[in-house]
4 protein chains.
Amino acid sequence: MVIRTDLALEAREMIDEERSEEMQKKGKLPNGMYVNTRDTPYVYITDIEILSKEAEHTIGKKMGKYITLEIKNPSLDTNDIQENISRVFSNEIYELIQSIDIEEPRIMIAGLGNRNITADSLGPKVADKIVVTRHVKNMSDLKFDERLGNVCAIIPGVMGITGIETGDIIKGVIETVKPDILFVIDALASRKASRVNSTIQISDTGIVPGSGVGNHRMELSETTLGIPVIAVGVPTVVDALTLVKDLYNDDNIKPLENDTIANMVVTPKNIDIAIDRIAEVVASGFNLAVHRGFGRHEINEYLI
Amino acid sequence: MVIRTDLALEAREMIDEERSEEMQKKGKLPNGMYVNTRDTPYVYITDIEILSKEAEHTIGKKMGKYITLEIKNPSLDTNDIQENISRVFSNEIYELIQSIDIEEPRIMIAGLGNRNITADSLGPKVADKIVVTRHVKNMSDLKFDERLGNVCAIIPGVMGITGIETGDIIKGVIETVKPDILFVIDALASRKASRVNSTIQISDTGIVPGSGVGNHRMELSETTLGIPVIAVGVPTVVDALTLVKDLYNDDNIKPLENDTIANMVVTPKNIDIAIDRIAEVVASGFNLAVHRGFGRHEINEYLI
Amino acid sequence: MVIRTDLALEAREMIDEERSEEMQKKGKLPNGMYVNTRDTPYVYITDIEILSKEAEHTIGKKMGKYITLEIKNPSLDTNDIQENISRVFSNEIYELIQSIDIEEPRIMIAGLGNRNITADSLGPKVADKIVVTRHVKNMSDLKFDERLGNVCAIIPGVMGITGIETGDIIKGVIETVKPDILFVIDALASRKASRVNSTIQISDTGIVPGSGVGNHRMELSETTLGIPVIAVGVPTVVDALTLVKDLYNDDNIKPLENDTIANMVVTPKNIDIAIDRIAEVVASGFNLAVHRGFGRHEINEYLI
Amino acid sequence: MVIRTDLALEAREMIDEERSEEMQKKGKLPNGMYVNTRDTPYVYITDIEILSKEAEHTIGKKMGKYITLEIKNPSLDTNDIQENISRVFSNEIYELIQSIDIEEPRIMIAGLGNRNITADSLGPKVADKIVVTRHVKNMSDLKFDERLGNVCAIIPGVMGITGIETGDIIKGVIETVKPDILFVIDALASRKASRVNSTIQISDTGIVPGSGVGNHRMELSETTLGIPVIAVGVPTVVDALTLVKDLYNDDNIKPLENDTIANMVVTPKNIDIAIDRIAEVVASGFNLAVHRGFGRHEINEYLI
């Protein structure tokens, strides 16, 4: 049975469900896999570390660190909620940047996906809202606010529109721009409807081929690009087939509809609004993590 | 078991499924219900007439005429396909206008729905593409192409944005503009994924409350508005709950996910593109039906 | 020499320029015209009252009250500036509503113009951001925040798209919805580049035919609509011909270019952004004026 | 007197205007400059070649070839007109590709400018409509229409949004993608209102710094990028200051307004529509030039 998920959290849940009762009693994880949870007022955080090939194989996710933020109030309908979730996300991003341990790192943020397909537009929407400074940092004679970090952002587009692998575009730009760290943002597919637009996964493994709503196939990771790559993903859809199969633990659905459903996704009715809100939260989080000491509204004033 | 559909065609199918084997052998429809099918190269057409209260009750759809066009190649990816389907739709609309039997009828087209929600934006998108002429027809001293009919179009918006029932806006505008016939276009919910963006329902019953993707509640019909009302609807989503229940003939799905799924819909991955294409086909069909004797590209040249 | 302006303030300036030196020494205004100025930290306010037919004729603007807000920092690039200007505008709107003296007035806001033409999109953009409540106020069994006023909003579209005079649509909707006060928002043409997107004119005279960027021809006023009409306008362009003629006090420009320039407008390079910002300021001002006792961010949380 | 123009055609006109009567009688061009004109039913074509440093200095445009298409009916409001102009443009592009003399050249098209600023959005809009094939050409096992060329397209964004020089992004992508020819499309500034959205300049000189509506500063040319660079530009605005100064042959305009006007541009009232139309014509022209033997509608069917 093929259940499609881009979330390590869900991959782990699936293992749980399938393990024998005996194992579940013991509650044992695969060797080399560590799970920790943290509770905050607005967000429930799960840290998963996959440190062995055995765990990588069992869980079906690459070795590395996965941080999953589950937003408790996914409507994101007050400034207070948005601000708090941005702050939590910002702190996680900041910690990751610190752990890479480069003084005044040059940061590049790549917004993956197709801006003309609502469910796939998260990456471009986030990138549009990043306060970029690399071009002014490069003007040595210019005085400016010392709190601002060194940041640039690109929107590489999708292969169907450009005719070029997303990875090839990013690789080329990295070669001329030479950032120290790359963040990639992409829309993901989740297994559960309840996680759509309400979960943020951060991982230091890069993005593996075949992920996401779109069709980005070349791996974007430190291995292929030569610099640390941190992937940030938000599930914006559930595969319709996954939803149905998952609810029934059943692969055997009516054959006639199967083909049609294979090209369909499950989304909230208000997906257009929901994507705008989560993009705003993620972008604010980035801005607060890379430019230190600003308020959320204050840093937004640098946008154009 | 509540299966949500706005299509008379599907309401009829559901009756079929539920009837006793005995009745199915006889193939009997409820008294006062007539079904006819027509096959064309690009479109399969089903005419349903509901002429008795008994049939109305059994089928759950108001008395009147329902014409359902099922597009055989729903990708709509060549000009030839688009042109042919526009023509078939146009002919049905033209026949309905003729049957109302008013010489040079003044026609109003209302595009219902919320233009900011992709799945609900069909109505506004169609209305934007209608070649309107009422304002120039009213200038008596102006010479113009005699093939052009008398057409106007409005986009009333949705109650959550305007604070006004869609029906109240339309009723008011009709009182000052005094059209002879009203067409309303809206996005619908279907029961089957295969019908999404590939089916056009035309009916002379108006729109009943609670239909559609949005939340238009006041009935729009000859009864409430005083002029013939022809509703044109295209299913753009399937309720996620309907999809799941329908596939399993089962109301008993996992309770935890139920609430979330209740606010979700199933759409094609490429819904943004699919809606643009079907809107273009429907708008062209309207333009060809109300302005007689033009080619599809020729009439489009009148758009601004 | 035809100088095109929709601002009473500028009409008055033009009179000033043309009067004889003798009159200018005396500083005399036409009989029945009163001008008062107020200075605030963020906005310079001019109140003009035209109370006689003589003044109406001399100044070329209808009898009534004109309040012009000139924003001192038109970049509107901090929250603080936006908030302060919204507050000033809000106070003027609130005073006008109070002066009409209806307890709990039902307010309708009409956003005029064409949302697909950037320079003409101010009205629709403002209307999209109004917190509407009429539909919930009408549900008698619902409890809700007592600070919320009774507000609805419509976007009638432009005649070239609808085939209907804007005035006819509004008149019809007023008849069914029966508001006590109508606000109309529209993009205007100014005479001076420095006033574009930085001036807000409020008047109780309604909108006279021929105004604005678009082509709204039927007068919208208490005379034609039967309820008080308050017009809010923001110049978003200068007619190219006006700019040129005005700079040179000269009608005699090179004839060949004249025709082309007649269809051109002068706008800021960043008009897309500038319109979004002033629309946000105006909409916030409205929301704060009609729903009393909220903060700017707090009331915005009611938007969907 | 500083007159801003990006068109070689206009630079030449300005020289004409300034030359002594004596020289005008002789009609002499600078040494090393050749001008040829061609008339077609829909487009008036001027070929300018600048072959000497003297001519480069006199005319203020880099050595190379400039082809200027002046569209006779700039409203572009029928399919027939659009088709014909696309064909003329297509032929010029095809000739240039042929003259570079590479068998089955790999072509990259870069759409410069800011898609969120209407007047600067031409490049991104054209790039969105290019039929890209490079990704499928690279799949050796796939059979496809032999008429399709090898094309890819990128939208690098603008420095204010990305923090990266446009040239650095393109340089990087060229290094990984290795095209044989680069086309860059950009919105330009013209000197005359009558040329806005109705003139297409093609040149083999690349784009010189400081051109365009936006702020692309690094030269994009064979010198900096290592492959032939053909620039395609369409004026979408006139600098307001240029318009005024040019009409009056006068630098001495009212000082107070000068600063404001410096940030303003003159555009057609309907710029949003006009840009969409010329983008469609240019994109079709590209598609017909690089994919040989298609009809205009036929090739467009390959778009998504």
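## Considerations on the overall build of chain A
Across its full length, chain A holds 13 helices and 9 strands. Every one of the 304 residues in chain A was classed for burial, and the buried ones make up 59%. A sequence separation of at least 24 residues applies to 73% of the contacts in chain A between residues at least 6 apart. Summing over all exposed atoms, chain A offers an accessible surface of approximately 12,000 Å²; the carbon and sulfur share of this is 48%.

## With respect to the environment of D186 of chain C
Tracing the backbone shows D186 of chain C in strand β6 (residues 181–190). When the C-alpha atoms of D186 of chain C and G123 of chain C are compared, they prove to be 5.0 Å apart, with 63 residues separating the residues in sequence.

## Focus: the relation of the copies chain D and chain C
After a rotation of 180° and a shift along the axis of 0.0 Å, chain D superposes on chain C with an RMSD of 0.0 Å. The superposition of one copy onto the other is thereby described by a two-fold rotation axis. When C-alpha distances to the rotation axis are compared across chain D, the minimum falls at V266 of chain D, with a value of 2.2 Å. A share of 100% of the interface residues of chain D reappears at the interface of chain C, consistent with the copies meeting face to face through the same patch.

## Details of the relation of the copies chain A and chain D
After a rotation of 180° and a shift along the axis of 0.0 Å, chain A superposes on chain D with an RMSD of 0.0 Å. A high fraction, 100%, of the interface residues of chain A reappear at the interface in chain D, so the copies pair face to face through one surface.

## As for the packing of aromatic side chains
Throughout the structure, instances matching the rule amount to 12 aromatic pairs over all chains. Summarising the aromatic geometry, the rings of F89 of chain B and F286 of chain B are spaced 5.4 Å apart at their centres and angled 85° between planes, so their arrangement reads as edge-to-face. One end of the pair, F89 of chain B, is in helix α4 (residues 79–100); the other, F286 of chain B, is in helix α12 (residues 271–290), and 197 residues separate them in sequence. F286 of chain B shares its class with F89 of chain B; the two are buried. Ring centres 5.7 Å apart and planes at 85° place the aromatic pair F294 of chain D and Y302 of chain D in the edge-to-face group. You can call F294 of chain D buried: its relative accessible area is 4%. Accessibility expressed as a relative area gives 37% for Y302 of chain D, which makes it partly exposed. By way of ring pairs, the aromatic residues F89, F183 and F286 of chain A are connected into one cluster. Geometry around F294 of chain C places R147 of chain C over its ring, the cationic atom sitting 3.8 Å from the centre. The cationic tip of R292 of chain C hangs over the ring face of Y94 of chain C; the distance from NZ or CZ to the ring centre is 3.5 Å.

## A word on unusual backbone geometry
Backbone geometry places K178 of chain B, a non-glycine residue, at a positive phi of 55°. One non-glycine residue with positive phi stands out, namely E104 of chain C, at about 45°.

## Overview of the pattern of salt bridges
Residue and element names in this part refer to chain D. As enumerated under the stated definition, the model contains 64 salt bridges over all chains in all. Here R38 makes a salt bridge to E92, at a shortest N to O gap of 2.9 Å. A residue pair is termed long-range when its members are at least 10 positions apart, and R38 in strand β1 (residues 33–39) and E92 in helix α4 (residues 79–100) qualify at 54 residues. As a salt-bridge pair, R115 and D128 come within 3.1 Å of each other at their nearest N and O atoms. Of this pair, R115 sits in the loop between β4 (106–111) and α5 (122–128) while D128 is found in helix α5, placing the two residues 13 residues apart along the sequence. Looking at R115, the relative accessible area reads 27%, which means it is partly exposed. Looking at D128, the relative accessible area reads 26%, which means it is partly exposed.

## Considering the interface of chain D and chain C
Taken together, the 32 residues of chain D in the interface contact 32 residues of chain C. For the pair chain D and chain C, the summed buried surface comes to about 2,800 Å²; carbon and sulfur atoms form 62% of the total. Taken together, chain D and chain C are joined by 0 salt bridges. If you list the elements that add at least two residues to the side of chain D that touches chain C, you get α10 (240–248), α11 (255–262), β9 (264–268) and α12 (271–290) of chain D. Here the element with the most residues in the side of chain D that touches chain C is α10 of chain D; it accounts for 6 residues. Split into classes, the residues belonging to the side of chain D that touches chain C amount to 16 nonpolar, 8 polar and 8 charged. Of the pairings in the sheet, the one linking strand β9 (residues 264–268) of chain C to β9 of chain D comprises 5 bridges and is antiparallel in character. The partner of V266 of chain C across the bridge, within β9 of chain D, is V266 of chain D.

## Regarding the pairing of strand β8 (residues 229–239) of chain C
Residue and element names in this part refer to chain C. Among the 11 residues of β8, 11 are classified as buried, and the element is accordingly described as predominantly covered. Relative to β8, β6 runs parallel, the two sharing 9 bridges. Its bridge partner being in β8, L182 is matched across the sheet by V229. Bridge analysis of strand β7 (residues 199–203) against β8 gives 3 bridges, and the strand direction is antiparallel. Residue pairing for β8: S203 is matched across the bridge by A231.

## Digging into the interface of chain A and chain D
The interface is formed by 28 residues belonging to chain A together with 29 residues belonging to chain D. Between chain A and chain D, a total of about 2,200 Å² is buried, with carbon and sulfur atoms accounting for 61% of that surface. In this structure, the connection of chain A to chain D is made through 0 salt bridges. In this assembly, chain A and chain D are joined by 8 residue pairs in polar contact (both at pLDDT 80 or more). With 8 residues, the top contributor of residues to the side of chain A that touches chain D is helix α8 (residues 166–177) of chain A. Class assignment for the residues of the side of chain A that touches chain D results in 14 nonpolar, 6 polar and 8 charged.

## Points about the packing of helix α8 (residues 166–177) of chain B against helix α8 (residues 166–177) of chain C
As a packed pair, α8 of chain B and α8 of chain C sit with axes 7 Å apart at the nearest point and diverge in direction by 120°. The orientation of α8 of chain B relative to α8 of chain C falls into the category oblique. As for the relative orientation of α8 of chain B and α8 of chain C, their crossing is right-handed in sense. Across from D168, I169, K171, G172, V173, E175 and T176 of chain B in α8 of chain B, the residues of α8 of chain C making contact are D168, I169, K171, G172, V173, E175 and T176 of chain C. A per-class count over the contact of α8 of chain B with α8 of chain C returns 4 nonpolar, 4 polar and 6 charged.

Calculation rules
- Residues numbered from 1 in each chain as written.
- Chains lettered and ligands numbered in written order.
- Predicted model: local features only at pLDDT ≥ 70, side-chain atom pairs only at ≥ 80, totals over all residues.
- Heavy atoms only, no water.
- Helix = DSSP H or I, 4+ residues; strand = E, 2+ residues; numbered from the N terminus.
- Buried < 20%, exposed > 50% of the residue type's maximum accessible area, 1.4 Å probe, protein only.
- Contact = heavy atoms within 4.5 Å.
- Areas by Shrake-Rupley, 256 points an atom, 1.4 Å probe, with all protein chains shown as cover.
- Least-squares fit on C-alpha atoms with pLDDT ≥ 70 in both.
- Phe/Tyr/Trp six-rings, centres within 6.5 Å; stacked < 30°, edge-to-face > 60°.
- Lys NZ or Arg CZ within 6 Å of the ring centre and 35° of its normal.
- Salt bridge = Lys/Arg side-chain N within 4 Å of Asp/Glu carboxyl O.
- Buried area = accessible area lost by both parts, 1.4 Å probe.
- Nonpolar A, V, L, I, M, F, W, Y, C, P; charged D, E, K, R; others polar.
- Pairing = 2+ DSSP bridges.
- Polar contact = N/O pair within 3.5 Å; in protein donor to acceptor, adjacent residues only side chain to side chain.
- Axes fitted to C-alpha atoms, helices over the stretch in contact; angles between N-to-C directions.
- Parallel < 35°, antiparallel > 145°, perpendicular 65-115°, else oblique.
- Left-handed = near helix turned anticlockwise from the far one by under 90°.

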